[in-house]
Every structure is written in C-alpha cells, then in structure tokens.
Amino acid sequence: MSCEQCARSATYRFATPAGESHARCLRHAVLYPAVFRHAVRVALIVGAMLFAINQLDVVLRGDLTPLVAAKIALTFAVPFCVSTYSALQINRLSGAA
C-alpha cells in the first residue's frame, strides 16, 4: 500500500466517519489534518496548564531569559508530540516497520 500523497510506502491508515480510508507515510501521517488539529488542541490546553504551573511566576516577575523561553516552547511541544505519537500508534498498519 502506498501513501496517497507521495506514493511512498504507507505505514498508517486513517478512517473517516464516512467510512473512507486514507493511507499515509510517516511524514504525511503527522500532517494528517485530524491528527494535527487534535495535537494542537492538546498542546494548547496541556501546555498552558504546565506553563502556568512551571513558568508563569518567572514570566510575571520579568525574569524571562532565552533559557526560560526555550523551556516554555518545550512545555507546549511535548504534549503535541505525545498526542501525535499516540494517534500514529493507534493508526499504524499491522506489520508496518
């Protein structure tokens, strides 16, 4: 089975509510609209809570440094990656490497 976007070997398949199936390679699976939208929502919600817990006091004190800014970016990136990874594992084709 090949990716519908680039003809590479597909390792993921996504089913739509209408019963359609979309085969994707890793690159296009990460950018699959339903996966991407959900990961962004999770990152915004979880990232905002983690930011408030871990860095909000530093930012409010005015102690924002490049290191703190990098930590804030990672605070949002980690839930995005975890959500994407989870969605990809659920939609992985059996026997795919």
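Our structure is the block above this text.
Owing to the predicted nature of the structure, the values given are computational and were not obtained by experimental measurement.

Peer 1: I tried to follow the nonpolar core on my own but got confused; where do I start?
Peer 2: What tends to happen in soluble globular proteins is that the nonpolar side chains get buried as a cluster. Residues Tyr12, Phe14, Ala29, Tyr32, Val35, Ala87 and Leu88 constitute the largest nonpolar core, which totals 7 residues. Elements with a minimum of two residues in this core: β1 (12–15) and α4 (66–90). Those residues within four positions of Phe14 in sequence are excluded, and the remaining contacts are Glu20, Ser21, His22, Arg24, Ala29, Tyr32, Val35, Leu88 and Asn91.

Peer 1: What is the right way to read unusual backbone geometry from this model?
Peer 2: Only a minority of non-glycine residues have a phi that is not negative, and only a minority of peptide bonds are not trans. A positive phi angle, near 70°, is found at Ala7, a position not held by glycine. Positionally, Ala7 belongs in the segment before β1. With relative accessibility at 59%, the residue Ala7 sits in the exposed group.

Peer 1: How should I be thinking about the packing of helix α2 (residues 33–54) against α4 in this particular structure?
Peer 2: In a pair of packed helices, the angle between the axes and the distance between the axes together describe the arrangement. Viewed as axis vectors pointing N to C, α2 and α4 meet at an angle of 140°, and their least axial separation amounts to 8 Å. For the element pair α2 / α4, the angle class is oblique. As α2 runs across α4, the sense of the crossing is right-handed. Here the contact of α2 with α4 is composed, by residue class, of 16 nonpolar, 5 polar and no charged.

Peer 1: Explanation requested: a nonpolar patch on the surface in the structure shown.
Peer 2: On the surface, Leu44, Ile45 and Met49 cluster together into a nonpolar patch covering about 320 Å² of accessible area. Within the secondary structure, Ile45 sits in helix α2.

Peer 1: Help me out: how do you make sense of the pairing of strand β2 (residues 21–24) in this one?
Peer 2: Successive residues of a regular strand alternate their side chains across the two faces of the sheet. With 4 bridges connecting them, β1 and β2 associate as antiparallel partners. Bridge assignment links Ala15 to a residue of β2, and that residue is Ser21.

Peer 1: Is there a simple way to think about α4 in this case?
Peer 2: Taking 1.5 Å per residue as the helical rise, α4 with its 25 residues ought to reach 36 Å, and the 36 Å between its terminal C-alpha atoms agrees with that figure. Those residues of α4 not exposed but buried are Val68, Ile72, Thr75, Pro79, Ser83, Thr84, Ala87 and Leu88. Residues of α4 that are buried in the fold lie against β1, α1 (26–30), α2 and α3 (56–61).

Peer 1: In this structure, what is going on with the side chain of Gln55? I would like to understand it.
Peer 2: Relative to the assigned elements, Gln55 resides in the loop between α2 and α3. In this structure, Gln55 is in contact with Leu50, Val68, Lys71, Ile72 and Thr75, ignoring residues within four places of it in sequence.

Cut-offs applied
Residues numbered from 1 in each chain as written. Predicted model: local features only at pLDDT ≥ 70, side-chain atom pairs only at ≥ 80, totals over all residues. Heavy atoms only, no water. Core = buried A, V, L, I, M, F, W, Y, C linked by side-chain atoms within 4.5 Å. Buried < 20%, exposed > 50% of the residue type's maximum accessible area, 1.4 Å probe, protein only. Helix = DSSP H or I, 4+ residues; strand = E, 2+ residues; numbered from the N terminus. Contact = heavy atoms within 4.5 Å. Axes fitted to C-alpha atoms, helices over the stretch in contact; angles between N-to-C directions. Parallel < 35°, antiparallel > 145°, perpendicular 65-115°, else oblique. Left-handed = near helix turned anticlockwise from the far one by under 90°. Nonpolar A, V, L, I, M, F, W, Y, C, P; charged D, E, K, R; others polar. Patch = residues over 30% accessible without salt bridge, like charges linked within 9 Å, V, L, I, M, F, W, Y side chains within 5 Å. Areas by Shrake-Rupley, 256 points an atom, 1.4 Å probe, with all protein chains shown as cover. Salt bridge = Lys/Arg side-chain N within 4 Å of Asp/Glu carboxyl O. Pairing = 2+ DSSP bridges. Expected span 1.5 Å × (residues − 1).

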